[in-house]
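# Survey of secondary and tertiary structure
Here are the chains, one letter per residue:
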Amino acid sequence: MRWTQLLIPTLKEDPADAEAVSHRLMVRAGYVRQLAAGIYVYLPLGQRVMDRVTAIVREEMNRIGGQEITMPILHPAEIWQQTGRWDAIGGEMFRLKDRGGRDMCLAMTHEEVVAWLAAHEIRSYRELPQVWYQIQTKERDEARPKSGVLRTREFLMKDSYSLDRDEAGLDAAYERHRQAYTRIFARCGLKIHVVESDVGMMGGAGAHEFMAPSPAGEDSVALCPACGYAANTELARSRPAPQPAGGDAVPFGEVATPGARTIDEVCACLKVPPALTIKALMVMGPDGPAVALVRGDQHLHEKKLAHLIGPFRPAHREEVRQHAGVEAGFLGPVGLRLPMMADVCLESGRYVCGANTADAHLRGVVPGTDFAARFVDIHEVVPGDGCPRCGAPLRVDQVIEVGNIFKLGTKYSKSMGAVYLDEKGEEHPIVMGSYGIGPARIAAAAIEQGHDADGIIWPPAIAPFDVHLLPVNPKDAAMAAMADAAERALAGAGLAVLHDDREDRPGVKFKDADLLGVPVRITVGSRAVKEGVLEVRCRRTKAEVRVPPDGLVEAVRQMREAAAA
Ligand code: ATP
Ligand code: MG
């Protein structure tokens, strides 16, 4: 394809609003344009990348027996009311009314439609198992659309759903998806961690996420290099470094700490390290006030706590005063009559904590003896914490979630009446699984993992073209003829060629070639005309070879393979 016949609006400067590398490069290299916050147009290059990603996804879904269908984006409210998600989901759902005043919404996901379809079409165990999938638009009014196509309000998703008669069937479908996903991400050239994850708004029995390591990620995962433990930090457990031997080894009693409210101030005042103190935080949950306790050198993980008590917010100063009779800085667990959640690492040791009296703290406090609490894992995992399985130091990586798999169970089939009859004519709810992948996130994550100062470095399998053919001066008839012949030969061999036939300065064209990130560049310069050799260059390694025209296809093939390795 000829550049002059395509829309490839490359920019000389970085867009001002882009923070993530993938955002900056996709805009600069002419892959996408933003229509409104979190709403994008895919230009020809962007579309070609998406097509390649979705082709890989389709192949692997078909390989595990997935049947492609298309479900609507516009939904009647009733199916969402039936599963309870019409009320459970807040501002993330786009809602509207039709001309008759009936409530409708735009699809955030399709469990409801799948369960509705199963309720109507599946009667007997003979019709199970099934795997249905689609590659379809989702609409979500994300609170913070950002980072280009990594988090948008309208995006493409491959979502599949497994229908089985029992847990064993679900386990098998889940495992097949796990393998299909592993193949998809490997073929797309992404580095991935597969981690245990929280089930979130989906509900259900178990879940894994496929995480692409990148500093642009909004998630983090805890990884054990020794035993392979891997979990989203939203649920990762860990063994923090133990408290210094003996803990706060002084007799139990109150000490004056005038004006010392924060952990740092208390530590400075009493000359103790933060690991000897307890941080008490009052929160307002669905059942009223509660107190979370973590060791002074640790941080409360809000999502872990929310998992235990439901959605909460930090208590205001007046609320702390009202429920504990003290200023927040002197709040402590001893004698407090409120539900208390203490982090597991407080189960042993002796501590300093707030005395529930102004300007005072308690010392030598033994959790479990001096106060009662529910011991739960609510601390944030930090690098170096011990692995919960083997004790080796954990790593914490920033990651982009590119896919996930959920064991849904019967939550949706029960509420939607999706049942089947077994051999004896007895009715059972269908056991479901749900599995998502974001093609745009795959593309953006590939850029986050593959770029340099000059531009994108695509994994060959998802690059918009296989070869970037660059005649230095297309006005030179001999050069143009050589480039045309090269294009024909490469296209004939099934390679997708971008032929930069622009009559621009060579410097501009070379810069654009690096920016676009096509894996292999072929330069047709005066040397090619004089000596009959073409220059073939790898975008990733910058390795160059010179080959005669009849060796071109083979040289490109070899270079693509090397670039994919
Ligand atoms: P996140 O936690 O990042 O919001 P999610 O858990 O809401 O993701 P799912 O609902 O499980 O994601 O969607 C499945 C896949 O769809 C994700 O793994 C991701 O690849 C993609 N995806 C989800 N939300 C977006 C979005 N706003 N923009 C682009 N892709 C998305
Ligand atoms: Mg989300």
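Provided above is the structure to which this section pertains.
Keep in mind the model is a prediction, meaning the values are calculated, not measured.

## Points about the sheet that holds strand 29 (residues 520-524)
The strand order across the open sheet formed by five strands is 28-27-29-30-31, and the pairing between neighbours is mixed. In this open sheet, the two strands that pair with only one neighbour each are strand 28 (497-499) and strand 31 (544-547). The mean inter-strand angle of the sheet, taken between neighbouring strand axes irrespective of direction, is 20 degrees. The sheet contact formed by strand 27 (residues 467-471) and strand 28 spans three bridges and is parallel. Looking at the pairing, Leu469 lines up with His499 of strand 28.

## Details of the side chain of Thr257
Take Thr257: it is sitting in the loop between strand 13 (253-256) and helix 7 (263-270). A relative accessible area of 0% means that Thr257 is categorised as buried. A polar atom in the side chain of Thr257 sits 2.8 Å from the side chain of His361. Residue contacts for Thr257: discarding those within four places in its chain leaves Cys269, Leu270, Phe330, Asp359, Ala360 and His361.

## A short note on the sheet that holds strand 14 (residues 278-285)
Strand order in the open sheet formed by five strands is 16-14-15-17-20, and the pairing between neighbours is mixed. Because the sheet does not close on itself, it has two edges, and the strands there are strand 16 (313-314) and strand 20 (374-376). Together, strand 14, strand 15 (288-295) and strand 16 form the strand contacts of helix 9 (residues 317-324), whose direction differs from that of strand 14 by roughly 100 degrees.

## A short note on the side chain of His193
Mapped onto the secondary structure, His193 falls in strand 9 (residues 193-196). The class of His193 is buried, set by a relative accessible area of 17%. Among the polar contacts listed, one links the side chain of His193 to the side chain of Asp397, at a separation of 3.4 Å. Ignoring sequence-local partners within four residues, the contact set of His193 consists of Glu209, Phe210, Met211, Pro213, Val221, Leu223, Arg395, Asp397 and Val399.

## Details of the site of ligand 1
Looking at ligand 1, there are 15 residues lining it, with Arg140, Glu142, Arg151, Glu401 and Asn404 nearest. A distance of 2.8 Å separates an oxygen atom of ligand 1 from a polar atom in the side chain of Arg151. Counting residues per element, the ones that place at least two in the shell around ligand 1 are strand 8 (154-164) and strand 21 (395-409). The dominant element in the shell around ligand 1, judged by the number of residues it contributes, is strand 21, at four residues. Its residues assigned to classes, the shell around ligand 1 comprises five nonpolar, five polar and five charged.

## Some remarks on the packing of helix 1 (residues 21-28) against helix 11 (residues 439-449)
Packed helix pairs are specified by the crossing angle of their axes together with the interaxial distance, meaning the distance between the axes. Remark: helix 1 packs on helix 11, axes separated minimally by 8 Å, with the N-to-C direction vectors making an angle of 105 degrees. Taken as axis vectors, helix 1 and helix 11 run roughly perpendicular relative to one another. Within the contact between the two elements, helix 1 uses Val21, Ser22, Leu25 and Met26 and helix 11 uses Ala444, Ile447 and Glu448.

## Comments concerning helix 2 (residues 44-63)
The end-to-end C-alpha distance of helix 2 is 28 Å, a good match for the 28 Å that 20 residues give at a rise of 1.5 Å each. Where helix 2 is buried, its residues contact strand 2 (39-42), strand 7 (130-139), strand 8, helix 6 (167-187), helix 11 and helix 13 (506-516). One or two steps after helix 2, the chain reaches Gly65, where phi turns positive at roughly 85 degrees.

## Focus on the packing of aromatic side chains
What the rule picks out here adds up to five aromatic pairs. Both rings, one in Tyr181 and one in Phe185, keep their centres 6.1 Å apart while their planes meet at 90 degrees; by these two values the pair is edge-to-face. Residue Tyr181 and its partner Phe185 are both found in helix 6; the two are separated by four residues, about one turn of the helix. When sorted by exposure, Tyr181 lands in the same class as Phe185, which is buried. Here Tyr181 and Phe210 contribute two aromatic rings whose centre-to-centre distance is 5.2 Å and whose plane-to-plane angle is 55 degrees, an arrangement assigned as tilted. Residue Tyr181 is located in helix 6, and its partner Phe210 is located in strand 10 (residues 206-213); the two are separated by 29 residues in the primary sequence. With respect to burial, Tyr181 and Phe210 carry one shared label: buried. Taken together, the ring pairs connect Tyr181, Phe185 and Phe210 into an aromatic cluster.

## With respect to the nonpolar core
Of all hydrophobic cores here, the largest spans 56 residues; its most connected members are Tyr31, Ile184, Phe185, Val402, Ile442 and Trp458. If near-sequence neighbours (up to four positions away) are discounted, Trp458 is found in contact with Tyr31, Val49, Ala443, Ala446, Ile447, Ala463, Pro464, Leu516, Gly517, Val518 and Pro519. Core analysis: the next-biggest nonpolar cluster, separate from the first, contains 27 residues, Ala77, Ile122, Ala207 and Tyr420 among them.

The rules behind these values
Residues numbered from 1 in each chain as written. Chains lettered and ligands numbered in written order. Predicted model: local features only at pLDDT ≥ 70, side-chain atom pairs only at ≥ 80, totals over all residues. Heavy atoms only, no water. Pairing = 2+ DSSP bridges. Helix = DSSP H or I, 4+ residues; strand = E, 2+ residues; numbered from the N terminus. Axes fitted to C-alpha atoms, helices over the stretch in contact; angles between N-to-C directions. Buried < 20%, exposed > 50% of the residue type's maximum accessible area, 1.4 Å probe, protein only. Polar contact = N/O pair within 3.5 Å; in protein donor to acceptor, adjacent residues only side chain to side chain. Contact = heavy atoms within 4.5 Å. Near = heavy atom within 4 Å. Nonpolar A, V, L, I, M, F, W, Y, C, P; charged D, E, K, R; others polar. Parallel < 35°, antiparallel > 145°, perpendicular 65-115°, else oblique. Expected span 1.5 Å × (residues − 1). Phe/Tyr/Trp six-rings, centres within 6.5 Å; stacked < 30°, edge-to-face > 60°. Core = buried A, V, L, I, M, F, W, Y, C linked by side-chain atoms within 4.5 Å.

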